[in-house]
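Residues per chain, in single letters:
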Amino acid sequence: MKMLCVPQSPPLQGEVRINTSKNSMLPILAACLLTKDEVILHDVPCLTDVRWMGRLLQALGVRITRQERTWVIGCTALRTTNAPPDLVQRLRASFLVTGPLLARCGKVTIPFPGGCSIGSRPVDMHLKGLCVLGARSRDRGFALEMESPQLRGDTVYLDYPSVGATENILMAAVLAKGNTCIVNAAREPEIEDLARFLCAMGAHIEGAGSGVITIEGVKELHGCAYTAISDRIEAGTFLYAAAVTGGDIALRNACAAHMRPVTAKLRESGVDVWQDGDLIRLRSTAPCAAVQVKTMPYPGFPTDMQPLALTLATVSRGVSVITETVFENRFLLAGELKRMGALIQVQDRCAVVQGARALWGARVSATDLRAGAALVVAGLAAAGETQVLGIEHITRGYENLPYKLNALGADIKIIDTHIDHNNTAQSRGR
Ligand code: UD1
């Protein structure tokens, strides 16, 4: 087991390159199941979630060869339509193979993805949408069986603009007979990216990125070469890290348009954020001001950035109110931040933060991916050393986060530990 030792950091300074988006790459990998041709994906980030998605595809019979950051994917013939439970349970995004397998093979058996620490995360809207397109589903208790010899286009009304449901239905609809219209579709940039990828494979899609997506089904898709958009959540994480340390950084390969909900909130906090050619720059000179943050589907403030906003609020002047509307259980982080001296009161979906606290280093645990990144960022601002356990959560979505922060002036170390019977982590050396 490894943990991160994060000493207080001087203001972060310098330039950091942002990776391609994890949340684009996962559905794009699932969409590779839709063609028998070869697909080439460039600049694939080295993340555990992406690796597990690759393994799931391989278990279904997909050939993947990797040349550095390029993946060559071939799905000439699939071995099975049964998604293995041990792989599906590794990551919730594995459920995204449902739509493509139904569209290509007419059937799929897949275990229900469980909830996780941020919420119960049901898949009812995925299933409802796929059933509108003609699929039949049977609950086998341990798994879900779906079949449909021929999907047929129709209008799908989503009760909520779910990212995953929009992606699953979109991937099924591209090979359905006739036209499909997804109403109240998610508008996240990753949906637009998936649609752009599907169009590069020969799909006919209009309106992706808006609340109404129309799809004209085609008989088959062909191979293509593709590079996903940059990761707006990784980019936002570095902006918040710079803001809490009073830093001055530049992001390369970040998309300013996708970052607007986050950069607008950072400006409200009093930091300067601007576009400088192909860079996004942030300069933070004074302690930040308290802000009100409410998470929403895109183009609202992203729920994945909420843990970072909560962290900045702990060191900002005044009282911030952070409201989480997307996932019901996303304030577990508050308990860990309190161990570092933060003053936070959580009631239902609201966290009230008395800011301008001097945080101190403590041993804390990452409860999920973004909470883990937020604890590292809190550690940069805290006096003394913060020890972050559970870094396997962080590597699911961040490639080399400690190294990238160190290149900006932090001094984070990765330490091997073991947990003794009293549940205290002990260092085994560096
Ligand atoms: C995706 C992102 C995740 C991000 C989230 C919201 C990926 C791999 N993950 O997750 O990082 O935090 O969008 O921006 O892209 N819901 C239902 N029924 C459903 C589906 C969803 O009730 O069938 C609920 C969820 O429990 C949640 C809300 O809808 O409360 C939003 O979920 P959704 O947009 O589907 O998120 P994910 O696709 O799981």
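Here, the structure is the one placed above.
Quick caveat: nothing in here was measured; it's all calculated off a predicted structure.

Q: It is not clear to me how the packing of aromatic side chains should be interpreted in this structure. Could you clarify?
A: Centre distance and the angle of the planes are the two values used to describe a pair of aromatic rings. Scanning all chains against the criterion turns up one aromatic pair. Between Phe 197 and Tyr 226, the ring centres sit 5.3 Å apart and the planes meet at 65°, which makes this aromatic pair edge-to-face. Of this pair, Phe 197 sits in helix H7 (residues 189-200) while Tyr 226 sits in strand E13 (residues 225-227), and the two are 29 residues apart along the sequence. Assessed through its relative accessible area of 0%, Phe 197 is described here as buried. Judged by relative accessible area, which is 10%, Tyr 226 ranks as buried.

Q: Any chance you could explain the sheet that holds strand E7 (residues 136-139) here in plain terms?
A: Strands in a sheet are paired, the pairing made by backbone hydrogen bonds, and the direction either parallel or antiparallel. The three strands lie next to each other as E6-E8-E7, forming an open sheet whose pairing is antiparallel. Each having just a single partner strand, strand E6 (107-110) and E7 make up the two edges of the open sheet. Between one strand axis and the next, the sheet turns by 15° as a mean value, whatever way the strands run. Pairing analysis gives four bridges linking E7 to strand E8 (residues 144-147), with the strands arranged antiparallel. Within the sheet, the bridge partner assigned to Asp 139 lies in E8 and is Leu 144. Relative to the sheet, helix H4 (residues 98-105) contacts E6 and E8, its axis offset from that of E6 by approximately 150°.

Q: Just to check I follow, could you spell out the environment of Thr 109 for this structure?
A: Its place among the elements puts Thr 109 in strand E6. Taking C-alpha positions, Thr 109 is 9.9 Å from Asp 139, a pair spaced 30 residues apart along the chain. Discounting chain neighbours no more than four positions away, the residues touching Thr 109 are Thr 81, Asn 82, Ala 83, Ala 143, Leu 144 and Glu 145.

Q: Sorry if this is basic, but what is going on with the pattern of salt bridges here?
A: Pairing between side chains of opposite charge can happen when their charged atoms approach one another. On inspection of all chains with the given rule, the structure shows 23 salt bridges. Measuring nitrogen to oxygen at the nearest pair gives 3.0 Å for the salt bridge that ties Asp 159 to Lys 128. One end of the pair, Asp 159, is in the loop between strand E9 (155-157) and helix H6 (163-173); the other, Lys 128, is in helix H5 (residues 124-132), and 31 residues separate them in sequence. You can call Lys 128 partly exposed: its relative accessible area is 44%. Here Glu 234 makes a salt bridge to Lys 404, at a shortest N to O gap of 2.6 Å. In this pair, Glu 234 is assigned in helix H8 (residues 232-245) and Lys 404 in helix H14 (residues 401-407), connecting sequence segments 170 residues apart. For Lys 404, a relative accessible area of 16% gives the class buried. Look at the salt bridges and you will find they share partners, linking Arg 17, Asp 43, Arg 69 and Glu 399 into a network.

The rules behind each value
Residues numbered from 1 in each chain as written. Predicted model: local features only at pLDDT ≥ 70, side-chain atom pairs only at ≥ 80, totals over all residues. Heavy atoms only, no water. Phe/Tyr/Trp six-rings, centres within 6.5 Å; stacked < 30°, edge-to-face > 60°. Helix = DSSP H or I, 4+ residues; strand = E, 2+ residues; numbered from the N terminus. Buried < 20%, exposed > 50% of the residue type's maximum accessible area, 1.4 Å probe, protein only. Pairing = 2+ DSSP bridges. Axes fitted to C-alpha atoms, helices over the stretch in contact; angles between N-to-C directions. Contact = heavy atoms within 4.5 Å. Salt bridge = Lys/Arg side-chain N within 4 Å of Asp/Glu carboxyl O.

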